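Observations on the three-dimensional arrangement
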Amino acid sequence: MQKELLVTADAQTLAFEVDCHLFQGSCGFPAPSAWSFIFDPIFSIGPVDFNKPMLLAIIGTIVIVSLFWAGFSKPKVVPGKLQSIAEILYDFVHRGIAKEIIGKKGEPFVPLLVSLFFFIWVMNLWAIIPLAQFPVTSLIAYPVGLALLVWVVYMSVTFRNNGFVGGIRNLCVPSGLPKPIYVILTPIEFVSNIFVRPFTLAVRLFANMFAGHILILVFTIATWYMLGTVLGTVYATASFAVTLALTVFEMFIQALQAYVFTVLTATYLSQALEEAH
Amino acid sequence: MSETLAAVTGNIGTIGYGLAAIGPGVGIGIIFGNGVQAIARQPEAAGIIRQNMLLGFAVIEALALIGFVAPFIYPK
C-alpha cells in the first residue's frame, strides 16, 4: 500500500534516538500517524505474530483475573483488604450500572458487565502506564471483538425473552406511537438496532483511544523535537506541561469510555428484557 | 471551467475533520449546558442527570470521532 505504513511504532522509538531538533538541520517534525499503531512482532508462531498489544492484553487479563480471584476465592463475612477492594469494584458496576439501568432482571448479566468494564478499563489504562504506554483498545480488532460479543448477547437475549415474532417487534416496532409513523420508523429502528449500535459501540471506543494516543504522541514527540536551543527548550517545557495535562485528561477519558461502553450494553440489554406491550 | 478559483494544498482530511466537529461541538455544548442547568435546578437528582449527560455525550461524541478517524482510513 503506502510507503509510510511500512514504518512501525518501534521505528518511532528509534526516531527519538536520531537527533532531529527544531532550529537544527532541515529534518521536519516526525508527526505520529497510522504507523504509530503497528508493532514489529516479538516472535511468530507460524502465521501468527505475537506483538506488544497482545502481550499487554494478556498481562491485563491476568491482572484482572488474579485480583478478583484473590478477592473472592475465600470470601469472609468480615472482608479483608483485598476482598474489600474487589467488593467495591464489583459493587460499582453492580449497583451503579446493572441495578440502576436494568433493574432486578439484570442480575444474571452482572458478571458480563463487570468483566466488560474492567477489561476495557485496564486495556485503556495501558496508554499511560510507563513502559507500556499503548492503549490496546486503539487497535480496532479489540473493540470490534467486544462489540460482537455484546451484539451476540443482545440478540440472543432479545429472541429468548420475546420469542421470534416478539423479538422482531422489540427490535423494529417501538410501541405507543401513531400508526403512520411506523412506516418511517420501523426501517430506521431495524437498521439502528441491528447494525448501527454495534458499529458505533466499537468505533466510539476505538476512536477515543486512537485520538487520545495520537494527542499524547504529538506532544511527547514535540517535547523531544523542540529541545536543544534555548528558545526551543522553552517551547519544549510548554509541550511537556501539555503532555502531563493530557495524561490526566486521558485518565478521565479512559474510565469514561469503559463506563459508557458498559452503560450502553446495559441499556441494550434492558431494552431486550422489556416486556412487550 | 478551466480556471481554478481557489486551491488547497496538504491533507484535505484536516478540513474534513474541522467540518465534522461542528455538529458534535454544538451538540456537546447543548448537552452539558442543559445538564448543568438541570443539576442546578434539582441538585438531589445530580447522580441520574450526570449519568444520562455522559451517555448523551458519548453518543454525540462518536460522530466527531468518526470524523477524526476517517482521514486515516482514507488517506489522500
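The preceding data block contains the structure.
Residue positions within a chain follow its written sequence, with the count starting from 1. Labels follow written order: the first chain is A, the first ligand is 1, and so on. This being a predicted model, a pLDDT of at least 70 is required before a residue's local features are given, and a value of 80 or more before pairs of side-chain atoms are given or counted; all residues contribute to the totals for chains, interfaces and linings. Side-chain figures throughout are based on the complete set of non-hydrogen atoms in the structure, without hydrogens or water.

Considerations on the overall build of chain B
The line we're drawing: Where helices and strands are cited, they refer to DSSP runs of H or I of at least four residues and of E of at least two residues respectively, numbered from the N terminus. It is over C-alpha atoms that the radius of gyration is taken, and the globule rule equals 2.2 Å times the number of residues to the power 0.38. Buried, partly exposed and exposed residues are distinguished by accessible area as a fraction of the type maximum, computed with a 1.4 Å probe on protein chains only: under 20%, between the cut-offs, and over 50%, respectively. Exposure was quantified through the Shrake-Rupley algorithm and a 1.4 Å probe, taking into account, for residues, occlusion by the shown protein chains and nothing else.
What chain B contains, in helices and strands, is two helices and zero strands. Its C-alpha radius of gyration of 18 Å places chain B more than 25% over the 11 Å reference for a compact globule of 76 residues. For chain B, the C-alpha atoms occupy an extent of roughly 65 × 25 × 15 Å along the three principal directions. Within the span of chain B, comprising 76 residues, buried residues form 30% of the whole. Accessible surface, chain B: about 5,200 Å² in total, of which carbon and sulfur atoms supply 67%.

Topic: the pattern of salt bridges
All names here are of chain A. Going by this rule: We count a salt bridge whenever a side-chain nitrogen from Lys or Arg sits within 4 Å of a carboxyl oxygen from Asp or Glu.
What the rule picks out here adds up to one salt bridge over all chains. Salt-bridge contacts for Asp 91 lead to Arg 95; the nearest nitrogen and oxygen are separated by 3.4 Å. Placement of the pair is Asp 91 and Arg 95 together in helix H3 (residues 81-102), with a separation of four residues, close to one helical turn.

Notes on the packing of aromatic side chains
Residue and element names in this part refer to chain A. Our working definition: When two rings of Phe, Tyr or Trp (its six-membered ring) have centres within 6.5 Å they constitute a pair, described as stacked for plane angles under 30 degrees, edge-to-face for angles over 60, and tilted for the intermediate range.
Enumeration according to the criterion identifies 20 aromatic pairs over all chains in this entry. Measuring from centroid to centroid gives 4.9 Å for Phe 43 and Phe 50, while their planes differ by 10 degrees, and the two rings are stacked. For Phe 43, a relative accessible area of 41% gives the class partly exposed. With relative accessibility at 16%, the residue Phe 50 sits in the buried group.

Let's talk about the side chain of Thr 158 of chain A
All names here are of chain A. As a reminder of what qualifies: Polar contact is defined as a pair of N or O atoms within 3.5 Å, subject to the rule that within protein one atom must be able to donate a hydrogen and the other to accept it, and that residues adjacent in sequence are counted only when both atoms are side-chain atoms. Only heavy atoms enter the contact rule, under which two residues are in contact if any of them lie within 4.5 Å.
Within the secondary structure, Thr 158 is located in helix H5 (residues 141-172). By relative accessible area, which is 0% here, Thr 158 ends up buried. Engagement of the side chain of Thr 158 in a polar contact is seen with the backbone oxygen of Tyr 154, the distance being 2.7 Å. Those residues in contact with Thr 158, other than ones at most four positions away along the chain, are Gly 163, Gly 167, Asn 170, Leu 171 and Ala 272.

Side note on the packing of helix H6 (residues 181-226) of chain A against helix H2 (residues 46-73) of chain B
Axes are the key here: two packed helices are described by the angle between their axes and the distance separating the axes. The test is simple: Every angle, taken between N-to-C directions, lies between 0 and 180 degrees, and every axis is a line fitted to C-alpha atoms, over only the stretch in contact when it is a helix. Crossings are assigned a handedness: left-handed for a near helix turned anticlockwise from the far helix by less than a right angle, right-handed for a clockwise turn. Residue polarity is assigned by list, with Asp, Glu, Lys and Arg as charged and Ala, Val, Leu, Ile, Met, Phe, Trp, Tyr, Cys and Pro as nonpolar; anything else, Gly included, falls into the polar class.
At their nearest, the axes of H6 of chain A and H2 of chain B sit 8 Å apart, and the two run at 65 degrees to each other. You can see that H6 of chain A and H2 of chain B cross each other, and the crossing is left-handed. Across the interface between the two elements, Phe 199, Val 203, Arg 204, Phe 206, Ala 207, Asn 208, Phe 210, Ala 211 and Ile 214 of chain A of H6 of chain A pack against Ala 58, Val 59, Glu 61, Ala 62, Leu 65, Ile 66, Phe 68, Val 69 and Phe 72 of chain B of H2 of chain B. For the contact of H6 of chain A with H2 of chain B, the per-class residue count stands at 15 nonpolar, one polar and two charged.

From the geometry alone we can't say anything about function, so treat these as descriptive.
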